[in-house]
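Summary of the model geometry
One letter stands for each residue in the lines below.
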Amino acid sequence: MIRPLRTAAFGAAFLTAFAAVAGGLATPAAAQTPGTVNPRPLPPLANPNDPNLPAKELFGRATTGAPMQARALGFYSRGCVAGAVALPVNGETWQVMRLSRNRMWGHPDMMTFLERFARKVPQISRWPGILVGDISQPRGGPMLTGHASHQIGLDADIWLTPMPRRRLTAEEREATSAVNMVRADRRDIDPSVWTADHLNVIKAAAQDPVVERVLVNAAIKKALCREAGTDRSWLSRVRPVPGHNFHMHIRIRCPSGSPGCRPQDPPPPQDGCGAELDGWFTEAVLNPRPNPDWRPPPPVTMAGLPDACREVLVAR
């Protein structure tokens, strides 16, 4: 079921804690922000060569992939992607959402994974397929809104809402929201919407050999720990993060042929279901005190990205 968009109400305290703890991920409700079927192009930059210009202003204006050999360059939250390709907006077992964002681009390895995963989902659940949210911009890099990761074409958001058995209209893809899987007090999943199919779909993602991480809300991780049964080997790849109550964030490993890609450290070998998870549900984490001294970090400029990202940005 796809529901009309509802704006989640998050207090300033939670947003402060989120920014401090999870910089590099999307803000909690950003994935559900509605778009438009007629997006306006961004105005040209007065001085695109200004070294102080935030890199997001440059990468946010790229509309096509760089015609280069496919390479992921840098780290998931500090890099770009050469030779990115776009996921077709419609497949037999997937549909892409928020087309106005033009964030359905990624490294070819990500497209191979998404198509493989989408085909598997109807085999292990009652879902007809998946709804795909943001992957990366056409040339990766920092985004104008919503994410600090998703920069090298190896991250993808999959809505925790099954694909319907009909093709969504352009308007529906912009204006509808995934289902919030987390209870209002944020201490567990909402049993009125959570199903065994959610466990099966997340498990299938975590078991894929190219997947490094599956990021979900801590309440979703709690449900997975409770319901996983005896096969718990995959749980170590499912990591709790703030937000992520509408979607799971899948991150795949650095591809071969991308020596400039910096891998993430492997997850801890334990399943992450004990005291480590309990810490997410303390009062200090759920309702932290605002830090009046916290300031957002300055935006990344081109000097903060791998040198090769300059070539990616200007490639024609």
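Here the structure is a predicted model, which is why all the values come from computation and not from measurement.

1. Regarding the environment of Leu 286
When you line up the elements, Leu 286 lands in helix H8 (residues 283–286). For the pair Leu 286 and His 198, spaced 88 residues apart in sequence, the C-alpha separation works out to 24 Å. In this structure Leu 286 touches Asp 185, Arg 186, Arg 187, Trp 280 and Phe 281, once residues within four positions along its chain are discounted.

2. Side note on the confidence of the model for the protein chain
Put simply, the protein chain has an average pLDDT of 91, and 91% of its residues get 70 or more. This model gives residues 1–24 a pLDDT under 50, and the stretch forms 46 contacts once residues within four places in sequence are excluded.

3. Digging into the nonpolar core
Within soluble globular proteins, side chains that are nonpolar tend to cluster in buried spots. Membership of the largest hydrophobic core comes to 60 residues, with the highest contact counts inside it found for Phe 117, Ile 220 and Met 248. Among the elements that make up this core, the one with the highest residue count is helix H3 (residues 108–124) (seven residues). In contact with Phe 117, not counting residues within four places along its chain, are Ile 130, Ile 158, Val 201, Ala 204, Ala 205, Met 248 and Ile 250.

4. A few points about the state of the cysteines
Applying the stated criterion to the full structure yields three disulfides. Covalently, Cys 225 is tied to Cys 273 through a disulfide, its sulfur atoms 2.0 Å apart. With the S-S bond torsion at -80°, the cross-link from Cys 225 to Cys 273 turns out left-handed. Taken as a pair, Cys 225 in helix H6 (residues 218–227) and Cys 273 in the loop between strand E13 (247–252) and helix H7 (275–278) lie far apart in primary sequence, 48 residues in all. Assessed through its relative accessible area of 11%, Cys 225 is described here as buried.

5. A look at the side chain of His 247
Residue position: His 247 is located in strand E13. Setting aside residues up to four positions removed in sequence, His 247 forms contacts with Ala 31, Asp 157, Ile 158, Trp 159, Leu 160 and Leu 215.

6. Comments concerning the packing of aromatic side chains
To describe a pair of aromatic rings, you give the distance between the ring centres and the angle between the ring planes. Taken as a whole and judged by the stated rule, the model has two aromatic pairs. With centroids separated by 5.3 Å and ring planes inclined at 80°, the aromatic side chains of Phe 75 and Tyr 76 adopt a geometry described as edge-to-face. When its relative accessible area of 17% is taken as the criterion, Phe 75 is described as buried. Residues Phe 113 and Phe 117 carry aromatic rings whose centres are separated by 5.6 Å and whose planes lie at 10° to one another, so their mutual orientation is stacked. Of this pair, Phe 113 and Phe 117 both sit in helix H3, four residues apart, which is roughly one turn of that helix.

7. Looking at H6
Counting buried positions along H6 gives seven out of ten residues, so the element sits mostly inside the fold. The complete set of buried residues in H6 reads Ala 218, Ala 219, Ile 220, Lys 221, Ala 223, Leu 224 and Cys 225. The inward-facing, buried residues of H6 abut helix H5 (196–207), strand E11 (211–217), strand E12 (238–241) and H7. N-cap assignment for H6: the residue whose side-chain oxygen lies 2.8 Å from the backbone N of Ala 219 is Asn 217. Downstream of H6 by a residue or two, Gly 229 has a phi angle that is positive, lying close to 80°.

8. Topic: the pairing of strand E3 (residues 78–82)
Most of E3 is tucked away, with four of its five residues classed as buried. Relative to E3, strand E2 (residues 71–75) is paired through five bridges, and the arrangement is antiparallel. Across the sheet, Arg 71 pairs through a bridge with Ala 82, a residue of E3. Turn length for the E2-E3 hairpin, with the two strands adjacent in sequence and antiparallel, is two residues.

9. Focus on H3
Compared with the 24 Å implied by 1.5 Å per residue over 17 residues, the 25 Å span of H3 between its first and last C-alpha is a close match. Three or more residues of H3 are buried, namely Met 110, Met 111, Phe 113, Leu 114, Phe 117, Ala 118 and Val 121. Buried residues of H3, seen end-on, are gathered within an arc of 160° and therefore sit on one face of the element.

Conventions we followed
Residues numbered from 1 in each chain as written. Predicted model: local features only at pLDDT ≥ 70, side-chain atom pairs only at ≥ 80, totals over all residues. Heavy atoms only, no water. Helix = DSSP H or I, 4+ residues; strand = E, 2+ residues; numbered from the N terminus. Contact = heavy atoms within 4.5 Å. pLDDT = per-residue confidence, 0-100. Core = buried A, V, L, I, M, F, W, Y, C linked by side-chain atoms within 4.5 Å. Buried < 20%, exposed > 50% of the residue type's maximum accessible area, 1.4 Å probe, protein only. Disulfide = S-S within 2.5 Å. Phe/Tyr/Trp six-rings, centres within 6.5 Å; stacked < 30°, edge-to-face > 60°. Polar contact = N/O pair within 3.5 Å; in protein donor to acceptor, adjacent residues only side chain to side chain. Pairing = 2+ DSSP bridges. Expected span 1.5 Å × (residues − 1). Arc of directions from axis to C-beta.

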